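Single-letter residue listing:
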Amino acid sequence: MDISFVDLNQQFRRLEPELRRRFDNVFAHGQYVMGPEIMELERELADFVSVRRVIGCASGTDALLMPLMAYEVGPGDAIFTTPFTFIATAEVIALLGATPVFVDIDPQTFNIDPASLARSVERVLAAGTLRPRGIIPVDLFGVPADYDALKPIADQHQLFVLEDAAQSFGAWYHGRRAGSLGDVAATSFFPAKPLGAFGDGGAIFTNDDDFADALGSIRVHGQSGDRYNNVRIGLNARLDTLQAAVVLAKMKVFEDELDTRQRVAARYSERLRDNVRVPHVPEGIVSSWAQYSIVSEHRDDIRSALTSAGIPTAIYYPIPLHLQSVFAHLGHRVGDFPICEEISAKIFSLPLHPYLSDAQIDLICDRIIAAVRV
Ligand SMILES: *Cc1c(COP(=O)(O)O)cnc(C)c1O
């Protein structure tokens, strides 16, 4: 049985006629940069998430960077985030000369822990060297962070909330879609994400029109209205027209794919819950299942059993960000964020995509159960 971690081939075959039709349209109109597909996609995504404005951009990383630029984040600013995420979340903070302030995670959801955040903000204020400006919660593996608990902390200290929804696009949080849970949100269309392009891409979500206009300007070298009038430092961070066409085609099956991801995850949990720690999805949340990650003392044994059976796995994330050498200057040590460190030593992710069959899921589960029982 050929099992892939993420299967883009089967998805391509399902969508081939629609993708070819959309590509032919782009070849016919020839507007490869900022073509009409960009606006069509931005409108469709805004409806899907129920926000006023969407700004397509070149990657999930740019989708995180651009709002920080619009907030004029810079040296002396503290931005609070989780150490248990992809490097991009903290990289964009450092890129602007600001300081990432890491906060330990919740032991159940692995998302930023609100109580630890509140203490961390107080510590930064007491130290007096950095100015708290914002929070970047990450909706890890597809489960939105605890926004109801984060919001009062943000309000009390006048911090912006930038939702990193790179993994959670399509998820629900108490009746609201991921992408609408902060002051502004970023998502990624990297091919392996729940809603992926066939290359890089991203989008930013906000209900604030002035903020959206600033993001639109940052996307194109800080232009304002006419082309050679530059009013701020920006980027070339446009979403590619062909990638927008791909995402539009995939939007047609996205809800169906989310349902199937849900079914795959439910079958995994049903089969595995007595043998390993399966993902915890809090009440009122529907995950987009970017990853199905399990926690076990026997991680290495299970992974080698799966590898010998030709079943791919991955570790998200083996080195927490506070222990990455790029952030050595922040002076962190092993033991600073014990929950994050413990989870990163025991967690790993199983194949998960909408085209995984029940027989494949059962085979993977049989191997895991056998490996745990040895
Ligand atoms: C993928 C990812 C990003 C970055 O997205 P790119 O499109 O690869 O730049 C940022 N944050 C998280 C949590 C991600 O998983």
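Residues numbered from 1 in each chain as written. Predicted model: local features only at pLDDT ≥ 70, side-chain atom pairs only at ≥ 80, totals over all residues. Heavy atoms only, no water.

Another point: the overall build of the chain. Scanning the chain for helices and strands turns up 11 helices and 14 strands. Here the C-alpha atoms of the chain give a radius of gyration of 21 Å, agreeing with the 21 Å that 2.2 N^0.38 yields for 374 residues. In terms of principal-axis extent, the alpha carbons of the chain reach across some 65 × 60 × 35 Å. Taking all 374 residues of the chain together, 55% fall into the buried category. (Helix = DSSP H or I, 4+ residues; strand = E, 2+ residues; numbered from the N terminus. Rg over C-alpha atoms; globule rule 2.2 N^0.38 Å. Buried < 20%, exposed > 50% of the residue type's maximum accessible area, 1.4 Å probe, protein only.)

This next bit is on the confidence of the model for the chain. Within the chain, residue pLDDT values average 97, and 100% of them lie at 70 or more. The least confident element of the chain is strand 11 (residues 226-230), whose mean pLDDT is 82; the most confident is strand 9 (residues 202-206), at 99. (pLDDT = per-residue confidence, 0-100.)

Right, let's talk about the domain arrangement of the chain for a bit. If you check the domain split of the chain, you get domain 1 (8-247) and domain 2 (252-372). Each of domain 1 and domain 2 was reduced to a C-alpha centroid, and the two centroids are 23 Å apart. Listed as interface residues are 44 residues of domain 1 and, on the opposing side, 40 residues of domain 2. Together domain 1 and domain 2 conceal approximately 3,500 Å² of surface at their shared face, both sides included; 66% is due to carbon and sulfur atoms. For the pair domain 1 and domain 2, the interface holds three salt bridges. For Arg14, the salt bridge goes to Asp256, with nearest N and O atoms at 2.7 Å. Where domain 1 touches domain 2, the interface holds 17 residue pairs in polar contact (both at pLDDT 80 or more). Breaking the side of domain 1 that touches domain 2 down by element, the ones donating at least two residues are helix 1 (8-29), helix 4 (88-95), strand 3 (99-102) and strand 6 (172-173). (Domains from an automatic or database assignment. Contact = heavy atoms within 4.5 Å. Buried area = accessible area lost by both parts, 1.4 Å probe. Salt bridge = Lys/Arg side-chain N within 4 Å of Asp/Glu carboxyl O. Polar contact = N/O pair within 3.5 Å; in protein donor to acceptor, adjacent residues only side chain to side chain.)

With that settled, consider the sheet that holds strand 3. An order of 1-9-8-5-4-2-3 is seen for the seven strands of this open sheet, with the pairing classed as mixed. Each edge of the open sheet carries a strand with a single partner, namely strand 1 (53-57) and strand 3. Sheet twist, expressed as the average angle between the axes of neighbouring strands with direction ignored, equals 25°. Bridge analysis of strand 5 (residues 160-164) against strand 8 (residues 184-188) gives three bridges, and the strand direction is parallel. Across the sheet, Leu162 pairs through a bridge with Val184, a residue of strand 8. Sheet strands touched by helix 3 (residues 60-70): strand 1, strand 4 (131-136), strand 5, strand 8 and strand 9. Its angle to strand 8, the strand with the most contacts, is close to 160°. The sheet strands contacting helix 7 (residues 209-219) are strand 1, strand 8 and strand 9, and the helix crosses strand 1 at an angle near 15°. (Pairing = 2+ DSSP bridges. Axes fitted to C-alpha atoms, helices over the stretch in contact; angles between N-to-C directions.)

Let us now look at helix 9 (residues 299-308). Those residues of helix 9 that sit buried are Arg299, Ile302 and Leu306. Each buried residue of helix 9 lies within a common arc of 70° when the element is viewed along its axis, so the set occupies one face. Projecting away from the buried face of helix 9 at angles above 90 degrees are the exposed residues Asp300, Thr307 and Ser308. The inward-facing, buried residues of helix 9 contact helix 10 (338-346), strand 14 (347-350) and helix 11 (358-373). Where helix 9 ends, the next residue or the one after it, Gly310, has phi of about 75°, a positive value. (Arc of directions from axis to C-beta.)

Turning next to the side chain of Ser287. In this structure, Ser287 sits in the loop between strand 12 (285-286) and strand 13 (292-295). The buried category is assigned to Ser287, whose relative accessible area is 5%. A polar side-chain atom of Ser287 sits 3.4 Å from the main-chain carbonyl oxygen of Gly142. Reaching out from Ser287, the side chain makes a polar contact with the backbone nitrogen of Trp289 at a distance of 2.9 Å.

Attention shifts here to the environment of Leu150. On the secondary structure map, Leu150 appears in helix 6 (residues 147-157). Overall, the relative accessible area of 1% leaves Leu150 in the buried class. Separated by 32 residues in sequence, Leu150 and Gly182 have C-alpha atoms that sit 9.6 Å apart.

Moving on: the packing of aromatic side chains. For the structure shown, the criterion picks out 16 aromatic pairs. Taking the centre distance of 5.5 Å and the plane angle of 65° together, the rings of Tyr316 and Tyr317 count as edge-to-face. Exposure remark for Tyr316: the relative accessible area of 25% places this residue in the partly exposed category. What makes Tyr317 buried here is its relative accessible area of 11%. Here the aromatic cluster, defined as three or more aromatic residues joined through ring pairs, consists of Phe5, Phe84, Phe110, Tyr316 and Tyr317. (Phe/Tyr/Trp six-rings, centres within 6.5 Å; stacked < 30°, edge-to-face > 60°.)

Omega for the bond connecting Tyr316 with Tyr317 falls within 30 degrees of zero, at 0°, which places this linkage in the cis form. One can find Tyr317 in the loop between helix 9 and helix 10. Positive phi outside glycine occurs at Ser50, with the angle close to 60°. Checked against the element boundaries, Ser50 lands in the loop between helix 2 (36-49) and strand 1. The phi dihedral of Phe141 falls on the positive side, at around 65°, and the residue is not glycine.

Let us look at the pairing of strand 4. Most of strand 4 is tucked away, with five of its six residues classed as buried. Judged from the five bridges that link them, strand 2 (residues 77-81) and strand 4 form a sheet pairing that is parallel. If you follow Asp77 over to strand 4, its bridge partner there is Arg131. Across two bridges, the pairing between strand 4 and strand 5 is parallel. By the bridge assignment, Gly134 is partnered in strand 5 with Phe160.

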